[in-house]
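Structure at a glance
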Amino acid sequence: MTEEATAMQTMRSAGLSALAETGSIFHFEEIRKFFTFEHGIKLAVNAVTIILFYILYRVVKHLIRKGAGQRLSDKTYMLLSKAISYTFYVLIIMYILGLFGIRLGAIWGAAGIAGIAIGFAAQTSVSNIISGLFVLTEKSMKIGDFIEIDGISGTVDMIGFLSVRVHTLDNQFVRIPNSTVINNKLKNYSTFELRRHVFEFSVDYASDLDKVLAVLQDVPGMCPTVILDKPGFEPKVMLVSLGESGITVNIAVWFNRSDLVQTRTDLCRAVISVCRREGINIPFNHMDVTLVNAR
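Everything numeric here is computed off the predicted structure, so don't read it as measured data.

1. Focus on the overall build of the protein
In terms of regular secondary structure, the protein is built from nine helices and eight strands. Relative to all contacts within the protein whose residues are 6 or more apart in sequence, the contacts with residues 24 or more apart total 60%. Taken as a whole, the protein presents about 20900 Å² of accessible surface, with 62% of it coming from carbon and sulfur.

2. Remarks on the side chain of D266
Here D266 shows up in helix α9 (residues 260-278). For the buried residue D266, which engages in no salt bridge, the nearest side chain bearing the opposite charge is R269, 5.1 Å off. A distance of 2.9 Å separates a polar atom in the side chain of D266 from a polar atom in the side chain of Q262. Those residues in contact with D266 that sit more than four places away from it in its chain are C223, P224 and T225.

3. A few points about the sheet that holds strand β2 (residues 152-159)
Through backbone hydrogen bonds, the strands of a sheet pair up, either in parallel or in antiparallel fashion. With antiparallel pairing, five strands are arranged side by side in an open sheet as β4-β3-β2-β1-β5. Either end of the sheet is taken by a strand with one partner, and the two such strands are β4 (173-177) and β5 (186-188). Direction aside, neighbouring strands of the sheet carry axes that sit 40° apart on average. When strand β1 (residues 146-149) meets β2, the two strands line up antiparallel, connected through four bridges. Bridge pairing links F146 to T155 in β2.

4. Quick word on the side chain of H197
Its location among the elements puts H197 in strand β6 (residues 194-203). Take H197: its relative accessible area is 13%, and that puts it in the buried class. If sequence neighbours within four positions are ignored, H197 has contacts with I251, A252, V253, F255, R264 and L267.

5. Thoughts on the pairing of strand β7 (residues 236-242)
Pairing geometry for β7 and strand β8 (residues 247-256), over six bridges, is antiparallel. Directly across from V237, in β8, lies its bridge partner I251. Linking β7 back to β8 in an antiparallel pair, the connection comprises four residues.

6. Some points on the sheet that holds β7
Reading across the sheet, the three strands line up as β6-β8-β7 and stay open at both edges, with antiparallel pairing between neighbours. Among the strands making up the open sheet, the edge pair consists of β6 and β7. Each adjacent strand pair in this sheet contributes to an overall mean axis angle of 25°, direction not counted. Of the pairings in the sheet, the one linking β6 to β8 comprises ten bridges and is antiparallel in character. Considered in β8, the bridge of V198 is made with A252. Across the face of the sheet, helix α8 (residues 209-216) comes into contact with β6, β7 and β8 while running at roughly 145° to β7. Strand contacts of α9: β6 and β8, with the helix running at about 30° to β6, the strand carrying the most contacts.

7. Some words on the packing of aromatic side chains
Counted by the stated rule, this structure contains three aromatic pairs. When the centroid spacing of 5.8 Å and the interplanar angle of 50° are considered together, the rings of F146 and Y189 count as tilted. Taken together, the positions of F146 in strand β1 and Y189 in the loop between β5 and β6 put the pair 43 residues apart, joining distant regions of the chain. Relative to W254, the ring of F233 has its centre 4.9 Å away and its plane inclined at 85°; by these criteria the two rings are edge-to-face. On the criterion of sequence distance, the pair formed by F233 in the loop between α8 and β7 and W254 in strand β8 is long-range, its members being 21 residues apart. The cationic tip of K230 hangs over the ring face of F233; the distance from NZ or CZ to the ring centre is 5.0 Å.

8. Regarding α9
Counted at 1.5 Å a residue, the expected span for α9 with its 19 residues is 27 Å, and the 27 Å between its end C-alpha atoms agrees. Residues of α9 that are buried: L260, T263, D266, L267, A270, V271, V274 and C275. Down the axis of α9, the sector holding all buried residues measures 150°, keeping them to one side. Away from its buried face, by an angle of more than 90 degrees, α9 presents the exposed residues V261, R269, R276 and R277. Those residues of α9 that are buried lie in contact with β6, α8 and β8.

9. Here's the deal with α8
Within α8, burial applies to V212, V215 and L216. Across the axial projection of α8, the buried residues extend over an arc of 95°, all falling on one side. Turning to α8, the residues buried within the fold contact β6, β7, β8 and α9. N-cap assignment for α8: the residue whose side-chain oxygen lies 3.2 Å from the backbone N of D210 is D208.

Conventions we followed
- Residues numbered from 1 in each chain as written.
- Predicted model: local features only at pLDDT ≥ 70, side-chain atom pairs only at ≥ 80, totals over all residues.
- Heavy atoms only, no water.
- Helix = DSSP H or I, 4+ residues; strand = E, 2+ residues; numbered from the N terminus.
- Contact = heavy atoms within 4.5 Å.
- Areas by Shrake-Rupley, 256 points an atom, 1.4 Å probe, with all protein chains shown as cover.
- Buried < 20%, exposed > 50% of the residue type's maximum accessible area, 1.4 Å probe, protein only.
- Lys, Arg positive; Asp, Glu negative; His and termini not counted.
- Salt bridge = Lys/Arg side-chain N within 4 Å of Asp/Glu carboxyl O.
- Polar contact = N/O pair within 3.5 Å; in protein donor to acceptor, adjacent residues only side chain to side chain.
- Pairing = 2+ DSSP bridges.
- Axes fitted to C-alpha atoms, helices over the stretch in contact; angles between N-to-C directions.
- Phe/Tyr/Trp six-rings, centres within 6.5 Å; stacked < 30°, edge-to-face > 60°.
- Lys NZ or Arg CZ within 6 Å of the ring centre and 35° of its normal.
- Expected span 1.5 Å × (residues − 1).
- Arc of directions from axis to C-beta.

Okay, here's the thing in structure tokens:
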């Protein structure tokens with residue numbers, strides 16, 4: 001054998017050895033054995049199953065968008081849509097892992113232990129997230145509403161999974177955790193267009209009560225923002241109780257919620273004006289001081 005033939009044989013052997021090594025690295029032989037007719041049928045069935053899952057997922061989302069999407073708020077619909085999407089992804093991942101023979105029991109066990117540890121570490125956050133679901137679905141407030149929670153009053157700027165953000169009348173930013181919203185009384189002053197205000201004051205015990213009731217009937221008409229002739233929302237003047245220094249009188253009026261400040265101001269001015277005009281005394285605490293010359 002010549003030197004040239006020997007060299008060719010050596011190169012051929014090296015090439016075959018390299019090819020065998022490459023095949024061993026990339027498992028070409030195992031892959032070739034895997035693509036049998038039986039495995040091809042299983043692969044096709046699994047692919048069809050995943051496609052059917054996806055079609056079902058799209059159909060469900062379409063039905064929700066056409067049905068519930070018109071009756072739910074944008075935030076609630078978005079929350080429901082994300083929940084369906086995450087459920088679909090989790091089911092698909094579990095199905096694919098099962099095809100590869102991965103034992104899901106061990107994964108669930110590890111996830112359970114991790115979930116317990118995370119739960120202890122983030123009890124407050126989890127509580128706020130769960131409370132946030134109730135806040136979003138209950139629809140007791142929306143962005144732009146003026147609310148009062150746990151002694152804090154302000155206009156709602158954002159409703160999130162963890163908290164509600166408001167700015168107060170003096171333009172201070174306040175973050176209210178959702179658990180606080182759920183566990184405390186919520187007042188929403190923007191839910192109804194009309195509001196009622198009760199103006200309370202006292203008159204002297206020596207006053208003629210019939211005259212007091214008669215002349216105070218003119219007070220609501222002196223306030224431009226007060227509703228006067230709407231059935232069920234008429235102003236009312238009433239004697240309420242006997243106080244320490246006078247008889248308590250209430251004037252209850254209805255008005256548009258945007259006129260709150262103006263209505264309160266007009267009522268106060270009108271009551272003082274009528275009482276001064278008619279000689280009705282509004283009692284108030286006062287002190288008499290007598291100076292005595294001390295020698």
